[in-house]
Amino acid sequence: MKQYIKRYLPLASLSLALCLGGCEGNDAAGTDLPPVSVSLFTKTLSGEPESGASARRVVVLDEGGACVANYSFVPGSGALSLVPGTYRMTTLSVPTGLRGLPEAGTVSGISPDISLSFAEGEPVMPFSLSGFTELSLSAASVYTATLSPATAVLGLRVSGLPEGRSVGFTLAGMYASARLDGVYAGSRDYPVSASGETVCFPTPGVATLLYSVDGGEPRALSLGRDLKAGSRLQLELDWSEELSEISVRQVTVTSWVEGDEVNGDATLK
C-alpha cells in the first residue's frame, strides 16, 4: 500500500532564484554551452534557513531521467556545476542507518522510485525530503530546497500499571520505507517505547498498537488517529486491573519540528 508524503504535510516546495539574467530563449539542451554554478541552500517548513546544518544530499536527474549528480553538501557552502538545461532535483537529509541511497558521487542505480529505509533491528531515525521539482538552468543560480519530515514521533505513557508488571508495545503496520519521490511503501511492525518517544514512519491509516502484558498474548489497541509524517502523537494510556487491559485516555497531536529532542528509544529485537 502506498501513500504520498505530501498528503501528510504542507506541500514541500523548492525555489530557484536566478542570480543572473539570460533566462529567455534557453535552448541549451543538446548544445555545448559551458557549465553554470548552482549554489545550494536548504530551509525548514517554517522558512528558517539551515545554515550550519548537517550535510544534506542533492540528487539531480536530467531530462531523460538519468542521474547526473548525487552530491553531499553543507547548506550554504555547497555548489554544483551543471550544463544549462532542464533538470529534476530533490534534496534530503541522510541520517545514520538510512539504506537505499548510494554513496555520494555514485549516480548509477538512482531513480525516483528507490526506497529509503532502515534495517530490521535498527531504529528509525528522523529524516527529511524535499520532493522533486523541475527547473531550467541557463545562468549561475541559487537552489533552495524546503525539507519536510518523512518520519513522525509516537510518545506513550501508561498510568496505573501495578509494580512488578511489564508491558511491551509494537506499532502495527507502519510504512516500511519512503521512496526518493515521496511515495511511502511496504508494511512493518515496529517496537516502540512504553515510557517515552519513538521515531517512526507514518501509518497508512488509523494507527494500531499491539501490546503484551507480562509477555502474554498481544492485544490490539486502535489509537483512533493516523500517525502522520511531521507530527508528534502523544498517548496517555490507562491500565484497568479489573479488566486486565489497557485503554486510551487521551490523544494529543502536535506538529513535530525535526531537531527537537526525542527521548526514550525503543528496544529493538
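Along each chain, residue indices are assigned from 1 in the same order as the chain's sequence is written. Predicted model: local features are reported for residues with pLDDT of at least 70 only, side-chain atom pairs are reported and counted for 80 or more only, and whole-chain, interface and lining totals are derived from all residues. Side-chain measures were taken over the full set of non-hydrogen atoms in the model, leaving aside hydrogen atoms and water.

Student: Before we go on, may I ask you to explain the side chain of S93 in this structure?
Tutor: With respect to the helices and strands, S93 occurs in strand β7 (residues 85–93). A polar contact is formed between the side chain of S93 and the backbone nitrogen of S128, at a distance of 2.9 Å. Think of it this way: any DSSP run of H or I at least four residues long counts as a helix, any run of E at least two long counts as a strand, and we number them from the N terminus. Any pair of nitrogen or oxygen atoms within 3.5 Å is treated as a polar contact; in protein, a donor-acceptor pairing is required on top of that, and neighbouring residues in sequence qualify only through side-chain atoms on both sides.

Student: Help me understand the side chain of N70 in this model?
Tutor: Locating N70 in the fold gives a position in strand β5 (residues 67–73). Type-normalised accessible area, obtained with a 1.4 Å probe on protein chains alone, sets the label of each residue: buried when under 20%, exposed when over 50%, and partly exposed for intermediate values. With a relative accessible area of 5%, N70 lands in the buried category. Only 3.3 Å separates the side chain of N70 from the backbone oxygen of P102, close enough to count as a polar contact. For N70, the side chain forms a polar contact with the main-chain oxygen of E103, separated by 2.9 Å. Among all residues touching N70, those that are not within four sequence positions of it are R57, V58, V59, P102, E103, A104, G105, T106, V107 and I110. Whether two residues are in contact is decided by their heavy atoms, any of which lying within 4.5 Å being enough.

Student: Teacher, can you tell me more about the pairing of strand β11 (residues 141–146) here?
Tutor: Regular strands have side chains that alternate between both faces of the sheet. Buried residues dominate β11, accounting for six of its six residues. By the alternation rule, side chains of β11 split into S141, Y143 and A145 and V142, T144 and T146, which are all buried. Relative to β11, strand β3 (residues 36–43) runs parallel, the two sharing six bridges. For K43, the partnering residue across the bridge sits in β11 and is T146. Strand pairing requires that DSSP identify at least two bridges connecting the strands.

Student: What am I meant to see in the nonpolar core here?
Tutor: Where a protein is soluble and globular, its nonpolar side chains tend to be buried together. By nonpolar core is meant a set of buried Ala, Val, Leu, Ile, Met, Phe, Trp, Tyr and Cys residues that side-chain atoms within 4.5 Å join together. F127, L154, F169, V192, F201 and L209 are the most contacted members of the largest nonpolar core, which has 46 residues in total. At the level of secondary structure, the elements contributing two or more residues to this core comprise β4 (56–61), β13 (152–159), β14 (167–174), β17 (188–192), β18 (196–200), β19 (206–213), β20 (219–226) and β21 (231–240). One finds V38, A69, F73 and Y143 within the second-largest nonpolar core, a separate group that totals 15 residues.

Student: Before we go on, may I ask you to explain the pattern of salt bridges in this structure?
Tutor: Close approach of charged atoms allows side chains of opposite charge to pair. We define a salt bridge as a side-chain nitrogen of Lys or Arg found within 4 Å of a carboxyl oxygen belonging to Asp or Glu. This model, assessed by the stated rule, comprises nine salt bridges. Of the charged contacts, one joins E120 and R188 as a salt bridge, the two residues approaching to 3.6 Å between their closest N and O atoms. Here E120 is found in the loop between β8 (115–117) and β9 (128–129), whereas its partner R188 is found in strand β17, with 68 residues between them in sequence. Across the salt bridge formed by D214 and R165, the nearest N and O atoms sit 2.9 Å from each other. One end of the pair, D214, is in the loop between β19 and β20; the other, R165, is in the loop between β13 and β14, with 49 residues separating them in the sequence. According to the relative accessible area criterion, D214 is partly exposed, its value standing at 39%. Overall, the relative accessible area of 30% leaves R165 in the partly exposed class.

Student: I would appreciate a short explanation of the sheet that holds β13 in the present structure.
Tutor: Hydrogen bonding along the main chain pairs the strands of a sheet, whether they run parallel or antiparallel. The mixed open sheet is built from four strands, whose spatial order is β18-β13-β21-β22. The outermost strands of the open sheet, each flanked by one partner alone, are β18 and β22 (245–255). Taken over all neighbouring pairs, the strand axes of this sheet differ in orientation by 20° on average, direction set aside. Sheet topology places β13 next to β21; seven bridges connect them, and they run parallel. Note that in β21 the partner of G155 across the bridge is Q234. Lines fitted to C-alpha atoms define the axes here, with helix axes fitted over just the stretch in contact, and angles between the N-to-C directions of these axes take values from 0 to 180 degrees.

Student: What am I meant to see in the environment of P162 here?
Tutor: By secondary structure assignment, the location of P162 is in the loop between β13 and β14. Judged by its relative accessible area of 25%, P162 is partly exposed. A sequence separation of 79 residues divides P162 from E241, and the C-alpha atoms of the two residues are 8.2 Å apart. Among residues more than four places away in sequence, those in contact with P162 are W239 and E241.

All quantities given are derived from atomic positions and should not be read as evidence of function.
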